[in-house]
Amino acid sequence: MAVPYLELHTGPGRGYPVAQVVGRGESVDVLYRHTDWFKVRTERGIEGWASAQDLSRTLLADGSRFTVNLGDRAGFRSHTWEGGVFAGAYAGATLISAYAALSVTDNLKIEADASQYLGNISNGYLFDIGLAHVFMPEWRVSPFVTLGTGIELVEPKATLAQPINRSDQLGYAGIGLRCYLTRRFFLRGEFRSNEIFTRTNTNEVDKEWRVGFAFFY
Amino acid sequence: MESRIRLLLLSAVALWACSGCAVWHRLHRHSSSAASASSSAASSSTASGGTSSGPESGGDDQSSSPPPVVVVPQVQRRTITVPKIKSNNLELGAYYGIISIQDFGAQPVEGLRLDYHITEDFFFEGSYGRATAGETSFELLSGGIQLLSNAERRFTYYNLSLGYNVLPGETFIGHKLAMTSALYLIGGIGSVQFAGDQNFAVNFGAGYRILPTDWLALHIDVQDLVFRTDIFTVYRLQNNLQATLGLSVYF
């Protein structure tokens, strides 16, 4: 403990009362973590929750600082994983979507999405895989383009004469923006044009837009 | 003998006098130079700076020379590998309660929830629930008319929600037991499968989470599931209130 004292709360949050204090020179064992709080055990065997902010001012046994990665702009630029959920519209229907992405470089990402759309005429699912290229990953608001392929499963509503479920392959191209919020979070909004390769003579083009909340690791 | 003692005494006196003389001379010279320096300082500050800084800078040169090495430190630096700290930000649980499906009566509901706690304030929740709708008043009174088949009465939903812990604190049970707890607000989007149709749904509500241990949580949760449906031929909003009791584990 290199700071005058470390406050130990009864729970993992600032709203929980401070029940114990660890003095300068004493040591604690870190047991586990819940969000940005660490459960620690003092030399006297008392357990409590210390915030990552407070713990980062303490020292490890070799004299180096205890470091915690809470997420920052540098992490927004380069990270390995990201994921998020969206709400939007797909060809006039309401869209609910979730995605996960793996970064190959700071600019290039491999993405997979699963979406469900719910409309008055038909419901359906979309499963896509594709590439995203982020142009300026160091900018707070960074533009990107996407290109990929997937399948669409359509379930026409029962009010139609002969509802037949069908599945079609699709290709998509899109543009979007990523906006860093704080810590590990960012907003993501995008527009896509989906080319559905139907079994009929003409392909179908379905426009899709979605905005959502995403985080990175 | 006497002459020897006298000689010894005289030489001692002479030595003392000489040394005293030398000390006195040095002292006298030092004080006179200091006096001259102070007098010159009074007359001209630049000159005094030059004279007084001379001996001081000489002293600094002496102290800045590296001290002789007495002990060569041979300290072996400890290398510490910090083990990965286990985190329990995920919460998986089951719940059971009652749901009032609009026009179809209040029925038992059961479900699963998976939470991801992002910060101490916010969490994501994915939930899946199911219930079986009862009969409408019309079906009960008309005697035998069924608006929906048994398969269509199945009510299943999923929600993706964002939660916010508004009132974190402690709950006291008796005098000795205090458990951490939090009141949370939750809202999200999802879909409801009911009456042979699937519709977009919005859910919102509030809940109370109490933790007997760091890995176990008890939930009391009230939410409204709202969706637009044309079960009764025209589109209208259907509100479905549910109150549930759940148990979940952190991992």
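Only a predicted model underlies this, so the values are computations on that prediction, with no experimental measurement involved. (Residues numbered from 1 in each chain as written. Chains lettered and ligands numbered in written order. Predicted model: local features only at pLDDT ≥ 70, side-chain atom pairs only at ≥ 80, totals over all residues. Heavy atoms only, no water.)

Caption draft 1: How the structure looks around the overall build of chain B. Counting its secondary structure elements, chain B contains three helices and nine strands. Sequence-distant contacts, at least 24 apart, represent 56% of the contacts inside chain B between residues at least 6 apart. Of the roughly 15,800 Å² of accessible surface on chain B, a fraction of 65% belongs to carbon and sulfur atoms. (Helix = DSSP H or I, 4+ residues; strand = E, 2+ residues; numbered from the N terminus. Contact = heavy atoms within 4.5 Å. Areas by Shrake-Rupley, 256 points an atom, 1.4 Å probe, with all protein chains shown as cover.)

Caption draft 2: How the structure looks around the packing of aromatic side chains. A complete count under the given rule lists 22 aromatic pairs over all chains for this structure. When the centroid spacing of 5.9 Å and the interplanar angle of 15 degrees are considered together, the rings of phenylalanine 185 of chain A and phenylalanine 213 of chain A count as stacked. Of the two residues, phenylalanine 185 of chain A sits in strand E12 (residues 185-197) while phenylalanine 213 of chain A sits in strand E13 (residues 204-216), which places them 28 residues apart along the sequence. The interplanar angle of 90 degrees and the centroid separation of 6.4 Å between the aromatic rings of phenylalanine 215 of chain A and tyrosine 217 of chain A together place this pair among those described as edge-to-face. Aromatic ring contacts, followed pair by pair, group Phe185, Phe213, Phe215 and Tyr217 of chain A together with Tyr116 and Phe124 of chain B into a single cluster. (Phe/Tyr/Trp six-rings, centres within 6.5 Å; stacked < 30°, edge-to-face > 60°.)

Caption draft 3: Examining the sheet that holds strand E11 (residues 166-182) of chain A more closely. All names here are of chain A. One closed barrel accounts for eight strands, arranged E6-E7-E8-E9-E10-E11-E12-E13; its pairing is antiparallel. Strand-to-strand twist of the sheet, defined as the mean angle between neighbouring strand axes without regard to direction, takes the value 25 degrees. Sheet topology note: the strand E7 (residues 93-103)/strand E8 (residues 108-118) ladder contains 10 bridges and is antiparallel. Paired with tyrosine 99 across the bridge in E8 is aspartate 113. (Pairing = 2+ DSSP bridges. Axes fitted to C-alpha atoms, helices over the stretch in contact; angles between N-to-C directions.)

Caption draft 4: Representation of the pattern of salt bridges within the structure. Enumeration over the complete set of coordinates arrives at 27 salt bridges over all chains. One salt bridge connects aspartate 121 of chain B with arginine 14 of chain A, and the closest N-O pair in it is separated by 3.3 Å. In this pair, aspartate 121 of chain B is assigned in the loop between strand E3 (106-117) and strand E4 (122-132) and arginine 14 of chain A in the loop between strand E1 (5-9) and strand E2 (18-23), connecting two distinct chains. Looking at arginine 14 of chain A, the relative accessible area reads 53%, which means it is exposed. Between arginine 153 of chain B and glutamate 139 of chain B there is a salt bridge, with its nearest N and O atoms 2.5 Å apart. Highlighted residues: arginine 153 of chain B in the loop between helix H3 (137-142) and strand E5 (154-173) and glutamate 139 of chain B in helix H3, separated in sequence by 14 residues. The exposure classification of arginine 153 of chain B matches that of glutamate 139 of chain B, with both residues buried. (Salt bridge = Lys/Arg side-chain N within 4 Å of Asp/Glu carboxyl O. Buried < 20%, exposed > 50% of the residue type's maximum accessible area, 1.4 Å probe, protein only.)

Caption draft 5: Region of the structure containing a nonpolar patch on the surface. Residues and elements named next belong to chain A. The grouping of Phe135, Met136, Trp139, Val145, Ile175, Phe191, Trp209 and Val211 at the surface amounts to a nonpolar patch, some 760 Å² of accessible area in total. By the secondary structure assignment, valine 145 is in strand E10 (residues 141-156). Owing to a relative accessible area of 32%, valine 145 belongs among the partly exposed residues under this scheme. (Patch = residues over 30% accessible without salt bridge, like charges linked within 9 Å, V, L, I, M, F, W, Y side chains within 5 Å.)

Caption draft 6: Geometry of the side chain of aspartate 128 of chain A. Residue and element names in this part refer to chain A. Tracing the backbone shows aspartate 128 in strand E9 (residues 122-134). A polar side-chain atom of aspartate 128 sits 3.0 Å from a polar atom in the side chain of arginine 192. Leaving out residues up to four positions away in the same chain, aspartate 128 has contacts with Glu111, Ala112, Asp113, Thr149, Gly150, Ile151, Leu170, Tyr172 and Arg192. (Polar contact = N/O pair within 3.5 Å; in protein donor to acceptor, adjacent residues only side chain to side chain.)

Caption draft 7: Layout of the interface of chain B and chain A. Every contact between the two is made by 35 residues of chain B and, on the other side, 38 residues of chain A. Summed over both partners, the interface of chain B with chain A comes to about 3,100 Å²; 59% of that surface belongs to carbon and sulfur atoms. At the boundary of chain B and chain A, one finds three salt bridges. The interface formed by chain B and chain A includes 16 residue pairs in polar contact (both at pLDDT 80 or more). Counting only elements with at least two residues in the side of chain B that touches chain A, the list comes to strand E1 (86-87), E3, E5, strand E6 (177-194) and strand E7 (197-213) of chain B. Where strand E3 (residues 28-34) of chain A meets E1 of chain B, two bridges bridge the pair, whose relative direction is parallel. Paired with tyrosine 32 of chain A across the bridge in E1 of chain B is lysine 86 of chain B. (Buried area = accessible area lost by both parts, 1.4 Å probe.)

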